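Next come the chains, spelled out residue by residue.
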Amino acid sequence: MNIYDWFSQPKGVFRVGFGLVLFFTLLCLCFGIVSPPPLGYYTTDENFIAETGVFMLYGITPRALEWPALLSSYLYFIVFLLQCAYEVLTHLGQFSGISSLFDCIDRVAHFYLTHRAEYVILGRGLQLAIAVLLSYRIIRFLAFTDHPLLAGWGRGVLVICFSSAFWLWGNVGIVRPEAITGLLFFEIVIRLLFSTTLPKPNLYLVMVFFGLCLSERLLLVFMVPFVFGSLVWYAFKQKKAQLFWSGVGCFLLTVLVAIPYLITNLMVILKSFFGGIVNKMNVAAPKTLFNEVYIADFLSNPINILFSLLFGLGLLYVFKQKLFSTVGLLLVANTSLFWFSALRSPQVYSTHFLPTSITCLPFVGFGIVFLMNLLREPPRRYFLKTLLLSLPVLMGLYELLLFQQKAHVRTNFHDAQAWVLTREKNAKIAFDPEFEEFIPKNRECLLREQQQNDDPQRRILKIKKILSGVQNDMVEYDKLPVVARSFAFEDEDLAEVQYQLRLKFYDKSKPAFDAYFMLNDINLANHAVQRDSVIVAMRNRDPRYDYFVSVGGIAELKPVKVFDKYQTPDVFVYKRQ
């Protein structure tokens with residue numbers, strides 16, 4: 001038996017696929033945990049998700065529910081609870097009452113505020129473990145399921161394509177909602193696409209997974225036509241109408257359990273979801289029919305062009321073999337509709353195309369199968385077949401390494417941050433917002449920001465910003481409807497809890513600064529200061545600021561230091577003379 005005969009067997013396919021999963025997991029472990037990027041962060045989203053989970057115990061509704069990331073947040077919630085339980089059990093003899101028990105919980109929450117990077121690293125490790133378990137399920141299903149589309153080279157090629165996919169490994173090493181969502185949704189796709197019947201256990205699994213997908217990444221609501229259309233088809237095919245209603249009930253129950261805020265904080269949900277839609281509508285319409293900037297960027301990557309060609313060949317293969325089912329047609333139709341809608345948006349990000357990256361993957365695999373079937377059996381063709389089989393692995397590995405290389409590049413910002421920490425204690429320093437989580441604040445700064453956080457006038461400006469584009473007569477805080485306060489200020493509620501914790505456990509022996517974080521628009525960040533006002537103050541030698549540290553310079557003033565060592569935006573430092 002040669003290697004190709006062995007690889008065509010389900011056990012061989014499973015071993016190859018899971019071996020690739022472990023290989024890529026090891027890479028993500030090295031790049032994201034053992035040797036993380038400078039300062040430990042890829043994006044601010046990781047920080048965002050972690051603190052959302054930690055402060056659920058304080059009754060704070062998760063923010064930005066248009067991309068909930070609730071499964072990831074619940075992960076941190078569980079970690080926080082376990083840490084609280086450990087601290088309580090190890091200090092049990094020191095408690096004098098219920099108050100000291102609650103103080104212990106406060107200390108754990110404050111520990112998070114001073115050790116954010118460690119929490120992020122821990123979350124990455126837990127997410128990797130979950131990804132391995134979900135990948136195991138997917139590979140086992142593809143390897144051992146009998147279906148005409150998986151016959152011959154089909155199952156092996158598809159397993160390799162999945163195990164090496166960049167949409168998977170580019171997200172799994174970072175705490176972000178696309179990671180777990182992508183795995184759950186891919187299992188939904190393959191179970192609907194490669195099944196001839198849908199028994200109740202599989203039905204419940206699909207609908208539970210889809211409910212969890214929406215609780216983690218609401219973007220997948222646009223794939224409802226495919227999922228529910230497939231449910232209708234299987235119910236009709238099996239002549240069981242109750243199959244459909246059972247699936248709908250299971251889905252709704254999962255959504256309510258995973259997103260209890262649909263009941264307890266409905267106004268926050270409506271603000272987050274429809275507010276996001278209104279903000280997008282207020283963005284200027286694209287000058288062309290589709291977003292040409294995104295399309296040009298997409299086509300600048302040869303890998304994208306290659307996989308687009310393979311996708312087209314995959315469609316041709318399925319049609320030619322007469323293996324296209326109704327579910328497959330639904331999948332292609334929904335994907336096409338999603339493409340059309342997303343490319344019409346003036347604001348397009350690569351993460352917006354997560355659903356299409358997943359739905360196209362099976363057809364990319366079939367495109368490779370189509371090419372392999374053109375090659376005959378003589379040994380001289382083995383090299384070309386091996387090359388085709390290696391193509392998804394090489395492309396996935398290349399994109400992952402390129403991504404990690406960019407993430408690990410040290411920037412001028414990192415050097416500037418290190419320099420700032422050497423300044424005199426309690427120096428008054430104005431920063432760009434990128435510095436906020438890396439510069440310790442002194443008591444004066446915390447008290448000032450706490451007061452700004454509760455400033456009625458700033459809150460009015462925020463709610464007017466939230467309701468921009470609609471009739472808005474909310475101009476006085478005292479006359480602000482109570483229900484408006486209940487949905488508009490969950491960010492301020494979270495900030496207030498954090499200010500109280502920082503002040504409660506403030507350590508004056510540690511170096512800290514009177515920090516001012518600058519934004520061009522402060523309507524959504526109460527504690528920020530207007531950037532232009534700081535520039536005017538620095539020109540006038542205002543004693544409120546000792547230093548100005550920013551990517552943008554100040555005309556007519558000479559910087560005392562410029563960080564320009566790396567191929568990233570320069571950071572300028574000005575000192576009040």
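In what follows, the structure referred to is the one given above.
Residues numbered from 1 in each chain as written. Predicted model: local features only at pLDDT ≥ 70, side-chain atom pairs only at ≥ 80, totals over all residues. Heavy atoms only, no water.

Q: I'd love a proper account of helix α11 (residues 224-237), names of residues and values included.
A: In this model α11 runs 20 Å from its N-terminal to its C-terminal C-alpha over 14 residues, within 8% of the 20 Å that 1.5 Å per residue would give. Buried within α11 are the following residues: Phe226, Val227, Phe228, Ser230, Leu231, Tyr234 and Ala235. On the buried face of α11, the contacting elements are α9 (177-193), α10 (200-216), α12 (241-258) and α17 (326-343). Just beyond α11, the residue with positive phi is Lys239, at close to 55°. (Helix = DSSP H or I, 4+ residues; strand = E, 2+ residues; numbered from the N terminus. Expected span 1.5 Å × (residues − 1). Buried < 20%, exposed > 50% of the residue type's maximum accessible area, 1.4 Å probe, protein only. Contact = heavy atoms within 4.5 Å.)

Q: Could you give me a rundown of the packing of aromatic side chains, with the residues and numbers involved?
A: Within the structure shown, the criterion is met by 35 aromatic pairs. An aromatic cluster is defined as three or more aromatic residues linked by ring pairs; in this entry it consists of Phe194, Phe311, Tyr317, Trp339, Phe363 and Phe366. Here Arg459 stacks its cationic end above the ring of Phe489, 5.0 Å away from the centre of that ring. (Phe/Tyr/Trp six-rings, centres within 6.5 Å; stacked < 30°, edge-to-face > 60°. Lys NZ or Arg CZ within 6 Å of the ring centre and 35° of its normal.)

Q: Account for the packing of α17 against helix α18 (residues 354-374), with residues named and values stated.
A: Direction vectors running N to C along α17 and α18 enclose 140°, while the axes themselves pass 10 Å from each other. Judged by the angle between their axes, α17 and α18 are oblique. Judged by the sense of rotation from one axis to the other, the crossing of α17 with α18 is left-handed. Only Pro355, Thr356, Thr359, Cys360 and Phe363 of α18 make contact with α17, whose side of the interface consists of Leu331, Val332, Thr335, Phe338 and Trp339. A breakdown of the residues in the contact of α17 with α18 according to their chemical character gives 7 nonpolar, 3 polar and no charged. (Axes fitted to C-alpha atoms, helices over the stretch in contact; angles between N-to-C directions. Parallel < 35°, antiparallel > 145°, perpendicular 65-115°, else oblique. Left-handed = near helix turned anticlockwise from the far one by under 90°. Nonpolar A, V, L, I, M, F, W, Y, C, P; charged D, E, K, R; others polar.)

Q: Run through the packing of helix α4 (residues 70-90) against α10, naming residues and quoting values.
A: Contact geometry for α4 and α10: axes closest at 6 Å, N-to-C directions at 80°. Relative to α10, the element α4 lies roughly perpendicular. Here Leu70, Leu71 and Ser72 of α4 come into contact with α10, specifically with Leu212, Ser215 and Glu216. Looking at the contact of α4 with α10, its residues break down into 3 nonpolar, 2 polar and 1 charged.

By themselves, these observations are geometric and do not establish any function.
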